[in-house]
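Fold and geometry: a report
Chain by chain, the residues run as shown.
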Amino acid sequence: MKLAQQLALAAIGVAALATVPWWGSAVLIQFGINALILATLAQSWNIIGGYTGYPSFGNSVFYGLGGYGTAIAMVQFHLPFAAGLALGAMLAVLFAFLLGLPVLRLRGHYFAIATLGLAEVMAAIVSNLEIAGRNVGLVLPLLKGDALFFELSLGLLALTTLVVAWISRSRFGFGLVAIRENEEAAAVMGINTTLYKVLAFALCSVFTALAGGIHTYWITYLDPDSAFDISLNVKMIIMAVFGGAGTVFGPVLGAFLLSAISEVLASRITSMASLFFGLVIVAAIVFMPRGFADLIRRFREVGWRYFQENVKAHRL
Amino acid sequence: MQLLWQVLVNGVLLGGLYALMALGLALIWGVLNIVNLAHGALIMLGAYVCYYLFTGFGWDPFAALPVAMLVLFCLGYLLQRYLLNLVIRAPMFNTLLITFGLEVVITYLAQIAFSADFRTINPSYAGANFPLFGATVPVVRILAFGVALALTVALWLLLVRTRIGRAIRATAQNLVAARLYGVDPRRLYALTFGLGAALAGAAGSLYGVVSQINPYIGAGLTAKSFAIAIIGGLENPLYVLVGGLFLGIAEALTALYIGPTYTDVVSFGILVLVLIVRPTGLLGRTA
Amino acid sequence: MSAILEIRNLTKRFQGLVAINNVNLALEHNEILGLIGPNGSGKTTLVSLVSGTLQPSEGSLLFEGASIQHVPAFRRAHLGIGRTFQIMRPFPGLSVLDNVAVGALFGTSGGHHRLRDAQEEAHRCLQFVGLNNRAAQRADALGGPDRKRLELAKALAMRPRLLLLDEVMAGLNHVEIEEVVGIIKKVRERGISILVIEHVMKAIKHLSDRLVVLNHGEKIAEGKPDDVLNDPQVVTAYLGRKRI
């Protein structure tokens, strides 16, 4: 299926989803908002982690900056929501440029650890800031109407996915993929790897921050622990990888699937959702490490042997 | 001046424990190239084993420590042998994610089994202190420091002086060559992971004596262990010791001169700086 | 006519090991210059210094009269320097076509800006090296000789003015070697200057206008192929008294 056809199908899907607030139950709408936000986070991570091949554990910083930007603007300065979102996004982009530059010089797991360190530092710094409410955090004004948040989240996800679709067929995107596959060769072929990496990082920071702002306003509360939560970062990575990192729709698929599984388990077996989530991750990494997108593609060719092959290829 | 000395002593004692915490992580990372996000969870389990031996059977925590090490060794061996060995040739990123999954599972099971309450291991001598050139040193902390130091040196000796240690190091450098020498990598990897887990178990037992534990301490301890391992350098247990001492002292000084809420800023700030400027660690060879 | 590439007093040290020692070399426009020498003599290091992957410890590099030793690798590509890698480095997850398209998207003068133009260029380059029938396959599905052609096509797609070829003939049989020699000669006919590193002596003898010999990072001979290959110093450097 060509990209244009996939996008057309997705557009229909978006239109259909947009109607949910009118007929869905309150629980469904809330589930929807969470799933849409997570999908946006996974899709943004896809830009730096999936396409460029730099697995960032610092996206939680962008989420937190988006959340705090919005919260500080609205609570401390009584600015409207849009201004808060803009502030959050600007902070995130600034961070991406300033700290992206030194940190993107690191390869592989060192980059991952460095971004993890940055996330911890930011959480610690923010918990000491008066304007951010220190350890206690901030409480935002309540806006009733989940429908609005649902549509906002849906719109943001659609926008992020469109950007990723553009990346996948653009000169910029090819440059990113070349960097992922072989950075030294990419440089020698004429790609300004430093610029491209920082741009990818900055791009993903914008969408992550916007998602953080929307989510924070909806929850009406944030504190340093929840804003810069590393496990949120790992969640978005797992969703992106589970669905298929480096593909246009993989992360969205992964986010929706895992959210649905988690929700179903939570309602059936209440508190065991966490446990099953962990087990699903473990099983997925062993049997389908390249994600759902790859599974769908290759299942037609090899059938059930797909899982066996993955294990054989990666075992000691 | 007096206060500074006390703070430095505190820092050094904390640093020893820090080093032990990071040791298992550094070993597994350095030898198996596995970034173990479940490391903190293993520390937590070690703490609980020690706790239940103490409260259930009245064992002194320092006597329970070897048992905790043994239990964690077996757990680690099994995990590596039957689970992690399945994904070890995949991109390193995959082991990172799978260990995260393990962390979620372990934490959840611990929460069910042990409840979320804070606990601490309080032997009868918990409140005893003794003076050290004017500083007050809690007996448990100096004992913990001693144990941590001993284990670090023991690991170093194991790696450098024994046959099994040489096999471990050889496998770390060149799996194919090691195989040609008759090393069975599956067992050796499992053994190494077990060793790393055992060290985590020891660290957990000591942690339970000097601080409070609950099922959720894992993630924070993992992050801290990363910082220590990287700052010191992954190559050598003695480097990790230096990393631990360095961070322990840095945190103690930060708490004194800047404020106790800033210790994480300093620890992780140093981590990021070290990664940017000298990724092989303060003592490691330049890349 | 000035040389397209001038290497002056170039030295490269790696923590005590001197890999390239005071090398002077000039490549004339539209010339095919062969670079030979025993293993470890520094040939690939020299190419890496020219392409920008490595920075020199001392000395200077001039490309078309302008100094480039402080120019980053990607900008040297924009100036017109293209290279292949000895240990082949395709972009494994991409198709053969897309591998070459990267070269077309980013090569000399920044390359094409539209993906479609780049892919057309890529097809042309694949045609040139005889690999177009495999354009849709994944790059990591190719065998050794085809990977060499892919490397060549990628470099050509950059539309270089200077092409650095690092052992494109290793592991090929006689027929394949002749084909590659033919392709390289056709490349030269397009006005491109070429520096060829090779071990396959017969091929490089027939291909090169001039030869340069490196040993232990130093230039020990330079001149016409016949003269150079019979130079006793060169013969000794390779294998004692064995005749080439």
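Residues numbered from 1 in each chain as written. Chains lettered and ligands numbered in written order. Predicted model: local features only at pLDDT ≥ 70, side-chain atom pairs only at ≥ 80, totals over all residues.

1. Overview of the overall build of chain B
When its secondary structure is counted, chain B shows eleven helices and two strands. N-terminal to C-terminal, the α/β element order of chain B is α-α-α-α-β-β-α-α-α-α-α-α-α. Relative to the compact-globule value of 19 Å for 287 residues, chain B shows a C-alpha radius of gyration of 19 Å, a close match. Principal-axis analysis of the C-alpha atoms places the extent of chain B at approximately 60 × 45 × 35 Å. Counting over 287 residues, chain B shows a buried share of 54%. Within chain B, contacts between residues separated by at least 24 positions form 78% of all contacts whose residues are at least 6 apart in sequence. (Helix = DSSP H or I, 4+ residues; strand = E, 2+ residues; numbered from the N terminus. Rg over C-alpha atoms; globule rule 2.2 N^0.38 Å. Buried ≥ 20, exposed ≤ 12 C-beta atoms within 10 Å, placed from the backbone. Contact = placed C-beta atoms within 7 Å.)

2. A short note on the overall build of chain C
Across its full length, chain C carries nine helices and ten strands. Per-residue burial for chain C yields a buried fraction of 45% across its 244 residues. Long-range pairs, those at least 24 residues apart, make up 66% of the contacts in chain C with a sequence separation of at least 6.

3. Details of the nonpolar core
Counting 290 residues, the largest nonpolar core has Leu17(B) and Leu20(B) as its most contacted members. Of the residues forming this core, the biggest block, 17 residues, is contributed by helix α1 (residues 2-32) of chain B. Residue-level mapping places this core at the junction of two domains, with at least three residues from each of domain 1 (1-80 + 162-244) and domain 2 (92-160) of chain C. Residues in contact with Leu20(B), not counting those within four places in the same chain, are Ala148(B), Leu151(B), Thr152(B), Leu199(B), Ala202(B), Ala203(B) and Leu206(B). (Core = buried A, V, L, I, M, F, W, Y, C linked by C-beta atoms within 7 Å. Domains from an automatic or database assignment.)

4. With respect to the sheet that holds strand β6 (residues 81-83) of chain C
All names here are of chain C. Ordered in space as β6-β7-β8-β3-β9-β10, the six strands form an open sheet in which the pairing is mixed. Here the strands that pair on one side only, and so sit at the sheet edges, are β6 and β10 (218-223). The mean angle between the axes of side-by-side strands here comes to 20 degrees, regardless of whether they run parallel or antiparallel. In terms of strand pairing, strand β9 (residues 210-215) meets β10 through five bridges, oriented antiparallel. Looking across to β10, one finds that leucine 211 is bridged to glycine 223. The sheet strands contacting helix α1 (residues 43-51) are β3 (32-36), β6, β7 (162-166), β8 (193-197) and β9, and the helix crosses β7 at an angle near 150 degrees. (Pairing = 2+ DSSP bridges. Axes fitted to C-alpha atoms, helices over the stretch in contact; angles between N-to-C directions.)

5. Examining the sheet that holds strand β1 (residues 5-14) of chain C
The pairing of strands in a sheet happens through backbone hydrogen bonds and is either parallel or antiparallel. Residues and elements named next belong to chain C. The strand order β2-β1-β4-β5 describes an open sheet built from four strands, whose pairing is antiparallel. A strand with exactly one partner marks an edge of an open sheet, and here the two such strands are β2 (17-27) and β5 (66-67). Across five bridges, the pairing between β1 and strand β4 (residues 58-63) is antiparallel. Each residue of the ladder has a partner; that of glutamate 6, found in β4, is leucine 62. Against the sheet, α1 makes contact with β1, β2 and β4, and its axis sits at roughly 65 degrees relative to β2, the strand it touches most.

6. Some details on the interface of chain B and chain A
On the chain A side, the residues contacting the 37 residues of chain B number 38 residues. Listed by contribution, the elements that provide at least two residues to the side of chain B that touches chain A are α4 (92-114), α8 (185-210), α9 (218-232) and α11 (263-277) of chain B. In terms of residue count, the dominant contributor to the side of chain B that touches chain A is α4(B) (eleven residues).

7. A look at the interface of chain A and chain C
In this assembly, 18 residues from chain A lie in contact with 24 residues from chain C. It is helix α8 (residues 171-181) of chain A that contributes the most residues to the side of chain A that touches chain C, six residues altogether.

8. Let's talk about the packing of helix α2 (residues 39-57) of chain B against α4(B)
Residue and element names in this part refer to chain B. Two elements in contact, α2 and α4, have axes separated by 10 Å at closest approach and are oriented at 25 degrees. Judged by the angle between their axes, α2 and α4 are roughly parallel. For α2 against α4, the interelement crossing comes out left-handed. Between α2, through Ala41, Met44, Leu45 and Tyr48, and α4, the contact on the second element is made entirely by Glu103, Ile106, Thr107, Ala110 and Phe114. Taken together, the residues of the contact of α2 with α4 break down into seven nonpolar, one polar and one charged. (Parallel < 35°, antiparallel > 145°, perpendicular 65-115°, else oblique. Left-handed = near helix turned anticlockwise from the far one by under 90°. Nonpolar A, V, L, I, M, F, W, Y, C, P; charged D, E, K, R; others polar.)

9. Re unusual backbone geometry
Located in the positive-phi region is Asn33(B), a residue other than glycine, with phi close to 60 degrees. Here Asn33(B) is to be found in the loop between α1 and α2. The phi dihedral of Arg159(C) falls on the positive side, at around 50 degrees, and the residue is not glycine. Note on placement: Arg159(C) falls in the loop between α5 (144-157) and β7.

10. A short note on the domain arrangement of chain C
Residue and element names in this part refer to chain C. Taken as a whole, chain C is organised into domain 1 (1-80 + 162-244) and domain 2 (92-160). Taking only C-alpha atoms, the centre of domain 1 and the centre of domain 2 are 24 Å apart. Elements supplying a minimum of two residues to the side of domain 1 that touches domain 2: α2 (73-79), β7 and α6 (174-189). Here the residues of the side of domain 1 that touches domain 2 are counted per class, giving eight nonpolar, three polar and one charged.

11. A word on the arrangement of the chains
Comparison of the two pairs of chains in contact shows the highest number of contacts for chains A and B. A gap remains between chain B and chain C, which never touch, and the nearest two C-alpha atoms on either side lie 11 Å apart.

12. Looking at the packing of α1(B) against α9(B)
Residues and elements named next belong to chain B. Axis separation between α1 and α9 bottoms out at 8 Å; the angle between their running directions is 80 degrees. What the angle tells us is that α1 and α9 run roughly perpendicular. Taken together, the residues of α9 that come into contact with α1 (itself represented by Tyr18, Ala19, Met21, Ala22, Leu25, Ala26 and Trp29) are Leu221, Lys224, Ser225, Phe226, Ile228 and Ala229. Partitioning the contact of α1 with α9 into residue classes produces eleven nonpolar, one polar and one charged.

13. Some points on the environment of Val265(B)
Tracing the chain through its elements places Val265(B) in helix α11. According to the C-beta neighbour criterion, Val265(B) is buried, with 21 such atoms within 10 Å. Sequence separation of Val265(B) and Pro185(B) is 80 residues, and the distance between their C-alpha atoms is 40 Å. Leaving out residues up to four positions away in the same chain, Val265(B) has contacts with Val121(A), Ala124(A) and Ile125(A).

14. Overview of helix α6 (residues 108-126) of chain A
For α6(A), with 19 residues, the first-to-last C-alpha span of 28 Å sits near the 27 Å given by 1.5 Å per residue. Of all 19 residues in α6(A), 15 are buried; the element is thus mostly enclosed. (Expected span 1.5 Å × (residues − 1).)

15. As for the pairing of β7(C)
Successive side chains on a regular strand alternate, one facing one side of the sheet and the next facing the other. Residues and elements named next belong to chain C. Burial analysis of β7 places five of its five residues in the buried class, which makes it a mostly covered element. Covered by surrounding structure in β7 are Leu162, Leu164 and Asp166 together with Leu163 and Leu165, the residues of both alternating faces. Bridging between β6 and β7 involves three bridges; their strand directions are parallel. Its bridge partner lying in β7, isoleucine 81 is registered against leucine 162. In terms of strand pairing, β7 meets β8 through five bridges, oriented parallel. For leucine 162, the partnering residue across the bridge sits in β8 and is serine 193. In this fold, β7 hands off to α6, which returns the chain to β8; that crossover is right-handed. (Right-handed = clockwise from strand over helix to strand, strands pointing away.)

16. Structural notes on the confidence of the model for chain C
Looking at chain C, the pLDDT average stands at 87 and 96% of residues meet or exceed 70. In the predicted complex, the global pTM is 0.88; the interface-specific ipTM is 0.85. (pLDDT = per-residue confidence, 0-100.)

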